[in-house]
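# Summary of the model geometry
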Amino acid sequence: MLFNTIDFAIFLPVVVLIYYLIPHKYRWILLLAASYFFYMSWKVEYILLIVASTLVDYVSGIRMERLPDRRSRLPWLVLSLSINLGLLFFFKYYNFATENLNLLFQKAGLPTEVPVMKVLLPVGISFYTFQTLSYAIEVYFGNQKAEKHLGYFALYVSFFPQLVAGPIERYSRLAPQFRKAQVLNYDNLSRGLRLILYGLFIKMVIADNISGFVDQVYATPGHFASLDILKGICLYSFQIYSDFYGYSTIAIGSALLLGIRIMDNFKSPYLAKNISEFWQRWHISLSTWFRDYLYFPLGGNRVSKRRWLMNILLVFLISGLWHGANWTFLIWGFLFGLLYILERIVNGALNLQKEHSAYSAGHLLLALKTFLLVTILWIFFRSQSFEDAMNMFQLLFRNSPAEVQSLLIPVSTWIFLLVFIISDLILYNRRFDTWIAGMPYPVRWGVYGILLLGIIVFAGVENFPFIYFQF
Amino acid sequence: MQNNGWKHIALRLVSLLLLILLINLLYKKFFFEKDLQGYSPIINLVRDLPLDADIIYLGESSNNTARGDDLDKRQISDFIGDYYPELVLYDLTKPAAHAGVFKVLLRQMPEESEVETVIVTLTLRSFNAQWIHSPLETSLQKELVLLRPNPPLVNRFLLSFKAYDIKTREERTKDFQAQWVRDKFHFPYEFPHDHVREWDRWMSHTGIRNDSGEVDREQTILACHYIKAYGF
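Keep in mind the model is a prediction, meaning the values are calculated, not measured.

On to the overall build of chain B, then. When you go through chain B residue by residue, the secondary structure sums to 10 helices and 3 strands. Along the chain direction, N to C, the helices and strands of chain B fall in the order α-α-β-α-β-α-β-α-α-α-α-α-α. Against the compact-globule benchmark of 17 Å for 232 residues, chain B has a radius of gyration of 25 Å, which places it well outside the compact range. Overall size of chain B, expressed as C-alpha extent along the three principal axes, is 90 × 60 × 30 Å. Every one of the 232 residues in chain B was classed for burial, and the buried ones make up 38%. For chain B, contacts bridging at least 24 residues in sequence account for 65% of all contacts bridging at least 6. About 14400 Å² of surface is accessible on chain B, with carbon and sulfur atoms providing 57% of the total. Distance between charge centres in chain B, computed from 28 positive and 32 negative side chains, equals 13 Å.

What follows is the structure, given as structure tokens:
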């Protein structure tokens with residue numbers, strides 16, 4: 001059940017309505033049932049994975065809390081990590097690992113072959129696995145009390161607005177909100193609806209109208225002139241942003257209708273002045289997860305310079321691998337790490353850490369630089385293989401062949417893209433619901449009109465699932 | 001919520017209603033026709049029908065011949081026309097179409113049309129599982145959304161929110177394979193297999209043998225084709 005389908009347009013209001021009609025003590029049952037139903041609409045069997053993950057962490061959490069120190073809790077943490085990461089490895093990385101292992105055997109002249117399995121990646125496994133892991137780690141460190149109520153814990157793991165593509169929430173933020181008796185609140189309803197409206201607009205009008213053109217360019221880049229390839233590459237930057245930002249915004253809005261506040265996942269990332277800031281604005285819930293549960297435990301920057309460099313590279317490599325089982329994601333992560341380090345070194349050496357006020361020429365120029373760098377790296381992210389990515393670079397700088405296909409993008413798509421860029425500039429360091437709430441009535445309804453017109457009349461009609469669902 | 005809270009909401013609902021009415025107006029005037037041509041060109045089949053037609057022949061690919069050695073390559077609808085020279089017969093042929101598609105098309109017929117007879121072809125094959133769950137169904141259903149009996153803006157909304165039978169090729173394959181198991185054979189004599197899947201499994205192991213006991217590939221393929229096409 002995708003957010004931009006009629007199924008969800010019926011499902012969400014029904015859940016919200018029942019939620020406020022029934023007494024608080026039964027609401028967790030409703031939300032849990034709705035979340036499982038939501039997840040099972042993809043593939044019924046995979047609910048077993050969520051249930052398994054839930055049970056393992058529920059038991060591990062309680063057991064860990066009963067033990068006096070970290071040393072004695074360690075086996076339970078290891079159990080939780082092994083099972084959760086084991087499932088993730090099996091479904092996401094097993095085939096990647098075996099294919100590479102078989103290649104290695106082949107190169108070494110060994111007749112051995114590890115069988116490749118036909119397994120379908122369960123939707124959202126990377127997201128809910130990381131969510132439950134954060135809980136287990138927090139309980140292990142004694143920062144979080146173990147949840148005794150299995151229902152509330154299961155709801156934390158599977159809460160439908162953010163189940164399949166985040167934001168990856170922390171237990172300490174989400175669970176207390178489930179326990180609180182939420183009352184029907186006009187402010188939450190209007191904010192939630194505004195966010196859903198804006199999220200649908202950027203997914204359905206921006207991302208879905210761009211997708212087809214990006215797919216064409218990446219499928220057969222040789223058929224296009226260099227300028228069209230460049231267009232396709234730049235458009236992908238907007239596609240992935242609007243697709244994921246759209247999803248997150250709808251997720252946050254949907255949860256808000258239930259009175260639940262979920263963390264922001266994006267803050268105008270293409271307006272970041274450098275790579276470091278980009279990662280503070282892009283997929284924030286994942287970046288902070290890696291910061292808290294990988295970078296800090298590795299020592300962060302309170303280590304030798306060499307170790308720090310290694311820490312950064314490792315975090316970005318693992319972040320790349322988290323996105324998918326392909327060398328292209330590893331290279332993408334590695335290059336991001338390299339850029340991050342280079343920028344820090346260059347900025348430090350040349351004393352370029354100057355503050356630029358928002359929207360100043362300096363800020364916009366630096367943002368453009370960040371956008372271009374990130375766009376180049378997206379080529380690795382989007383390509384099916386390293387060879388495909390390198391081919392894109394080569395084709396960018398060749399003379400166009402005599403007969404090329406033209407990338408005919410309708411004017412309406414460019415206009416809406418411009419609207420999106422302007423809105424991102426306006427929303428720098430703000431959220432749509434807060435910004436629009438401060439606007440006078442006619443402006444507010446004018447904006448709603450444009451968004452509604454876009455969603456109903458100009459939405460892409462092809463079915464493009466959210467990109468991050470595949471991770 | 002307090003009283004002025006409900007007033008607040010009522011005011012916004014009215015604003016929303018007005019906004020939707022305005023968008024509907026804009027859509028009908030400026031965008032609907034373009035969308036029809038872009039997403040539902042099937043409408044042109046109906047629009048091309050002359051108002052003075054007496055008989056409409058609704059057909060799918062079976063209306064055309066695919067055989068190169070046919071002496072007369074005219075459509076079946078043309079032959080029917082030969083029987084009634086005094087009547088004006090037009091055909092409306094859409095490959096892969098079925099009763100569900102014809103129903104939508106018939107609804108689009110203008111009221112002033114003089115049609116008195118509609119011939120609907122329902123080939124037996126179109127009731128088999130592979131046809132019902134054909135991968136072409138997704139695009140066919142998408143093409144029909146804008147032709148539903150709703151205001152244009154509602155239909156565009158339904159199209160934007162993918163409110164039609166939308167499935168991937170893999171899902172369709174799963175569906176027809178499941179139906180092969182659900183649809184039991186009803187033979188007037190004893191038959192060793194209950195449904196197509198069982199027959200298929202058996203065939204993949206044994207095949208149809210010729211007199212010398214070898215697998216006759218041509219016969220096997222033909223038998224499997226017929227069982228899958230008509231075994232429901």
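So, next bit.
Residues and elements named next belong to chain B. Spatial strand order, 2-1-3: 3 strands in an open sheet with parallel pairing. Where the open sheet ends on each side, the last strands, each with one partner, are strand 2 (89-93) and strand 3 (117-120). Neighbour to neighbour, the strand axes of the sheet diverge by 20° on average, direction disregarded. In terms of strand pairing, strand 1 (residues 55-59) meets strand 3 through 4 bridges, oriented parallel. When the sheet's bridge partners are listed, Tyr-57 is paired in strand 3 with Ile-119. Docked against the sheet, helix 3 (residues 76-83) engages strand 1, strand 2 and strand 3, running at close to 165° with respect to strand 2. Lying on the sheet, helix 4 (residues 99-107) is in contact with strand 1, strand 2 and strand 3; it crosses strand 1 at an angle near 145°.

Another aspect to go through is the packing of helix 9 (residues 226-257) of chain A against helix 15 (residues 386-396) of chain A. All names here are of chain A. Close contact between helix 9 and helix 15 brings their axes to 8 Å; oriented N to C, the two are set at 135°. As the angle between them shows, helix 9 and helix 15 are arranged oblique. Here Ser-226, Ile-229, Leu-230 and Ile-233 of helix 9 come into contact with helix 15, specifically with Met-392, Leu-395 and Leu-396. For the contact of helix 9 with helix 15, the per-class residue count stands at 6 nonpolar, 1 polar and no charged.

The next subject is the interface of chain B and chain A. Every contact between the two is made by 26 residues of chain B and, on the other side, 26 residues of chain A. Summing both partners gives a buried area of about 2300 Å² for chain B against chain A, and 72% of it is carried by carbon and sulfur. Between the two partners, chain B and chain A, sit 1 salt bridge. The salt bridge partner of Lys-142 of chain B is Glu-462 of chain A, with a shortest N-O separation of 2.6 Å. The interface formed by chain B and chain A contains 10 residue pairs in polar contact (both at pLDDT 80 or more). Looking at the side of chain B that touches chain A, the elements with two or more residues in it are helix 1 (3-39) and helix 7 (152-160) of chain B. At 12 residues, the largest contribution of residues to the side of chain B that touches chain A is made by helix 1 of chain B. The residue inventory of the side of chain B that touches chain A, partitioned by class, reads 17 nonpolar, 3 polar and 6 charged.

Rules used throughout
- Residues numbered from 1 in each chain as written.
- Chains lettered and ligands numbered in written order.
- Predicted model: local features only at pLDDT ≥ 70, side-chain atom pairs only at ≥ 80, totals over all residues.
- Heavy atoms only, no water.
- Helix = DSSP H or I, 4+ residues; strand = E, 2+ residues; numbered from the N terminus.
- Rg over C-alpha atoms; globule rule 2.2 N^0.38 Å.
- Buried < 20%, exposed > 50% of the residue type's maximum accessible area, 1.4 Å probe, protein only.
- Contact = heavy atoms within 4.5 Å.
- Areas by Shrake-Rupley, 256 points an atom, 1.4 Å probe, with all protein chains shown as cover.
- Lys, Arg positive; Asp, Glu negative; His and termini not counted.
- Charge placed at Lys NZ, Arg CZ, Asp CG, Glu CD.
- Pairing = 2+ DSSP bridges.
- Axes fitted to C-alpha atoms, helices over the stretch in contact; angles between N-to-C directions.
- Parallel < 35°, antiparallel > 145°, perpendicular 65-115°, else oblique.
- Nonpolar A, V, L, I, M, F, W, Y, C, P; charged D, E, K, R; others polar.
- Buried area = accessible area lost by both parts, 1.4 Å probe.
- Salt bridge = Lys/Arg side-chain N within 4 Å of Asp/Glu carboxyl O.
- Polar contact = N/O pair within 3.5 Å; in protein donor to acceptor, adjacent residues only side chain to side chain.

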